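Inside the fold
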Amino acid sequence: MARKILLVDDEAGFTELLKMNLERSGAFEVRIENDSTKAVAAARDFMPDAILLDVVMPGMDGGDVQAQLQASPQLSGIPVLMLTALVDSTELSEGAVAQAGSQMVLPKPVNLPLLLRVLDEIVPAA
Amino acid sequence: MEEHSIVESVLDNLPVAVFAKDATNDFRFVLWNKKQEEVTTIRAEKALGKNDYHLFSQESADYFRSVDKAVIKRGSLMKVPEEIIETKNGREVHLRTVKIPVHDKETGRLLVVGISEDITEQVKSREQLERLNRHLVEANQELQQTQMQLIQAEKLESIGRLAAGVAHEVKNPLALLLLGVDYLSQGIAPDDPNVEKILQQMRDAVERADRIVRGLVDFSSQRSLSREPTQLSRVVEEVLLLVKHELTRSNTKVNVRMEKDLPHVFLDMSKFEQVLINLIINAVHAMSEVETKLIKIRARSESLEEVVKNQGARKREVFRSGDRVVILEISDNGHGIAPADANRLFDPFFTTKATGVGTGLGLSVARRIVELHGGELTLENRTKEPGAVARLILPTKLETAKVHTVTGRVKTEGKPKEIDSPPSDLTS
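One numbering rule holds for all chains: residues counted from 1, following each sequence as written. All chains are assigned letters beginning with A, and all ligands numbers beginning with 1, in the order in which they are written. Since the coordinates come from a predicted model, pLDDT governs what is reported: local features require at least 70, and pairs of side-chain atoms require 80 or more to be given and counted, while whole-chain, interface and lining totals use all residues.

The helix and strand labels rest on DSSP assignments: H or I over at least four residues marks a helix, E over at least two residues marks a strand, and numbering proceeds from the N terminus. A count of helices and strands for chain B gives 13 helices and 13 strands. Looking at chain B as a whole, 31% of its 428 residues qualify as buried. Whether two residues are in contact is decided by their C-beta atoms, placed from the backbone, lying within 7 Å. For chain B, restricting intrachain contacts to residue pairs at least 6 apart in sequence, the fraction spanning at least 24 positions comes to 66%. Residues are called buried when their C-beta atom has 20 or more other C-beta atoms within 10 Å, exposed when it has 12 or fewer, and partly exposed otherwise; all C-beta atoms are positioned from the backbone.

And the structure:
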């Protein structure tokens, strides 16, 4: 059965291409949410196996979304993988990544084989 | 006899040099007063009976002779605004001379009478003044150059501030490109409907990255001010692209409303972008404590009367009444300007930001740039709502540049001016 991935990023083009890449093998079913303020609701609705979360987004940033996910007993167990195009480490801490306790951060541009390996690790195929 | 000595003593006590040459006798001197002795440092007994070739250099004598001949030929007074004689002790004496042809009825001789005023001191102070003026012009040029360097330095600071954000904006299209490459490199089925979409996305991504990189390069270029007719909306668009990351990061919304068909304004894109980036980043900083951050950008066109009435333009003399101007306002809903800071906002190095966050040059440089555009920049608290508004008033015409010119010294030596007046007036 395909693993369910929720992809939260305001870059519509990026999410579309990542979805195509992930779904190609048939191993994943990807749902896109380009509006970060709707991310938590989408997670509740879709109940993904993992969430890929952009850091810098308008409206609500990745750190805030992560904190809300953590605060929800229903969602706090879902592994979250942060994606970021941020370029220096000070910005990264500003993004509240560490504080929100995300398991892992991957830099953008995303190395697809690496992403697939990480996903296999945090969401093992059934 | 007595008459003659009266004339002689009057001549010797005149504050001007007086001499006379006999044109009928090889222009030999027949009169040489005290002041003439003083000016030339040649005593009368040595000069009388001699001509210019005996007393002065060949070059000077040639010149004096040519004027003398012209005076005789014309038969009227001639003025030599400035001539220089070099005395034996090497001193240069500047003279303003009038030469008059005189017909001596008694002897039948034709004389050239000269009256010279020593203007050496005047010339010296004039030259001194010119030197000072030149220094002033140089200092002014240096100041302008320094100002341009300051503008550039401030720009480099903004680039540093924007670099991370711009890099982020470039990385996003790069991320997209890589995903496209990943997809396409895994082999494509001939009927894969995704391929066309992916290629289009990749094309857009390249264009996006290209646009932002070019924007940054254009912005960072150092050129002298070159103004071109520009659509303000285009500048605003470019600037918002450069600060997009700062706006997203700070969760600031921007609402842009610009009148349709605004007249063109004459802008140096790169320098003007610097102003807008500055004002926008300032606005973002001012709203750090605010929950819903909103920047409003408004532009409209008005005639100058309306501006003065509505806004009380700071410097009305910048514009001519009736001129069409474009007003650009950037407002925020931040903490506004503290009354104590209001008068110092545009002072260089004045900053309310923490050490290392801002140099305090931003607004002073921004105002200078706007002034170089013939416009004005003011910053004040909004009247009805919290926050501040930066207001730019820009001319829609290219005003005549203020040019500082040095009045050059017109060399008159050797070119006597001819004055029409009959010799009889002076000889009778």
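A few words on the sheet that holds strand S3 (residues 50-54) of chain A. Residue and element names in this part refer to chain A. Spatially, the five strands line up as an open sheet ordered S2-S1-S3-S4-S5, and their pairing is parallel. Because the sheet does not close on itself, it has two edges, and the strands there are strand S2 (28-33) and strand S5 (104-107). Within this sheet the neighbouring strands show an average axis-to-axis angle of 25°, counted without direction. The pairing of strand S1 (residues 3-8) with S3 spans four bridges and is parallel. Bridged to Leu6 within S3 is Ile51. Two strands are counted as paired when DSSP detects at least two bridges linking them. Orientation is described by lines fitted to C-alpha atoms, with helices fitted over the stretch in contact, and by angles between N-to-C directions that extend from 0 to 180 degrees.

A few words on the interface of chain A and chain B. With 22 residues of chain A at the interface, the matching set in chain B holds 21 residues. Among the elements that line the side of chain A that touches chain B, the one with the most residues is helix H1 (residues 12-24) of chain A, at eight residues. As a working rule, the residues Ala, Val, Leu, Ile, Met, Phe, Trp, Tyr, Cys and Pro are called nonpolar, Asp, Glu, Lys and Arg charged, and the rest polar, with Gly in that last group. Along the lines of polarity and charge, the residues of the side of chain A that touches chain B split into 13 nonpolar, three polar and six charged.

This part is about the packing of helix H7 (residues 194-220) of chain B against helix H8 (residues 232-242) of chain B. Residue and element names in this part refer to chain B. Two elements in contact, H7 and H8, have axes separated by 10 Å at closest approach and are oriented at 105°. Considered as vectors, H7 and H8 are oriented roughly perpendicular to each other. Two secondary-structure elements touch here, H7 through Ile212, Gly215, Leu216 and Phe219 and H8 through Glu238, Leu241 and Leu242. Angle categories: roughly parallel below 35 degrees, roughly antiparallel above 145, roughly perpendicular from 65 to 115, and oblique for all the rest.

Further remarks concern unusual backbone geometry. All names here are of chain A. That bond from Lys108 to Pro109 is cis: its omega, 0°, falls within 30 degrees of zero. Along the chain, Pro109 falls in the loop between S5 and helix H6 (112-122). With a phi close to 45°, Met47 is a non-glycine residue in the positive phi region. The topology assignment puts Met47 in the loop between helix H2 (39-46) and S3.

Our next topic: the packing of H1 of chain A against helix H6 (residues 120-185) of chain B. Viewed as axis vectors pointing N to C, H1 of chain A and H6 of chain B meet at an angle of 25°, and their least axial separation amounts to 9 Å. Classified by the angle between their axes, H1 of chain A and H6 of chain B sit roughly parallel to one another. Here the hand of the crossing between H1 of chain A and H6 of chain B comes out left-handed. Contact residues: H1 of chain A offers Gly13, Phe14, Leu17, Leu18, Met20, Asn21 and Arg24 of chain A, while H6 of chain B offers Asn172, Ala175, Leu176, Leu179, Gly180, Asp182 and Tyr183 of chain B. Residues of the contact of H1 of chain A with H6 of chain B, tallied by class, amount to eight nonpolar, four polar and two charged. Crossings are classed by handedness, with left-handed meaning an anticlockwise turn of the near helix from the far one by less than a right angle and right-handed meaning a clockwise turn.

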